[in-house]
Amino acid sequence: MVLYGYGVDAVAEALRECDPRYVPVDRVAPEPGQVPVLRCPHGADADAVREAAPGVAWLVVGLYRPGVDVEHARDPLLSLNASKVDPGMAARAIDQPDLEIWYEVINPIRVTTVDGRPAADDYSNIAIIVPDGHRMVAHAVRAGGAVPQCLPGGADQVLPSHDLWALARLGKTEVCRACTARHG
């Protein structure tokens, strides 16, 4: 794994705390069963690591902060805003990149026209109705996986996404207790 950008040392340490198989190193020389975590200041350095060891399937993660100029690597698997995620949350996102969110929408928002006619070109006759009790609950799903068992069969609306489960707590969306117990 290659981390580059802002706060790489803290995220590398959080990865080690998340799972001791992650080992911060200065060069590729892990013991069997370990995942080396290389730390680079810039994306070009991450690209150089990949070029030096093309036989390795590198997971490249960029950590950035708005307003801080960071040169990006080619095709990082993840790019995380370090001003919004702490090192522990970044580590969980890196450790579970295939765990995505399906949103259960309770009392969905409705859009209608105020006059019963088709929407006007300028949308002046559109009304957005947010019913009492409107909320969303995040459920964890493996990428390409089946509907989570904890998702109610009669849910009003379900929205599959590619949002990372580890980042579900960033917004005001509730998280499913059963999914949290299963996946952290």
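Rules used in this analysis
- Residues numbered from 1 in each chain as written.
- Predicted model: local features only at pLDDT ≥ 70, side-chain atom pairs only at ≥ 80, totals over all residues.
- Heavy atoms only, no water.
- Helix = DSSP H or I, 4+ residues; strand = E, 2+ residues; numbered from the N terminus.
- Buried < 20%, exposed > 50% of the residue type's maximum accessible area, 1.4 Å probe, protein only.
- Arc of directions from axis to C-beta.
- Contact = heavy atoms within 4.5 Å.
- Core = buried A, V, L, I, M, F, W, Y, C linked by side-chain atoms within 4.5 Å.

K.L.:
Is there a simple way to think about the side chain of R50 in this case?
P.N.:
For R50, the position within the fold is in helix α2 (residues 43-52). With a relative accessible area of 19%, R50 lands in the buried category.

K.L.:
Looking at this model, I keep getting lost on helix α1 (residues 8-18). Mind explaining?
P.N.:
In an α-helix, one turn spans 3.6 residues, which is why side chains three or four residues apart end up on the same side. Turning to α1, its buried residues are V8, V11, A12, A14 and L15. Take α1 and look down its axis: the buried residues cluster within an arc of 160°, on one side only. Looking at α1, the residues exposed on the side facing more than 90 degrees away from the buried face are D9 and E17. Contact partners of the buried residues in α1: β1 (2-5), β2 (22-25), β3 (35-40), β4 (60-64) and α3 (87-95).

K.L.:
How do you make sense of the nonpolar core when you look at a structure like this?
P.N.:
Nonpolar side chains in soluble globular proteins tend to end up buried together. By size, the foremost hydrophobic cluster in this structure holds 23 residues, and its most contacted members are M1, L3, L15, V61, L80 and I94. Those elements that provide at least two residues to this core are α1, β4, β5 (78-81) and α3. Residue contacts for V61: discarding those within four places in its chain leaves V2, L3, Y4, L78, L80 and I94.

K.L.:
Can you walk me through unusual backbone geometry in this structure?
P.N.:
Within the chain, D75 stands out as a residue other than glycine whose phi angle is a positive 50°. Its place among the elements puts D75 in the loop between β4 and β5. Even without being glycine, N107 reaches a positive phi, approximately 50°. Summarising the element assignment, N107 is placed in the loop between β6 (99-106) and β7 (110-113). Residue N107 is classed as partly exposed on the basis of its relative accessible area of 30%.

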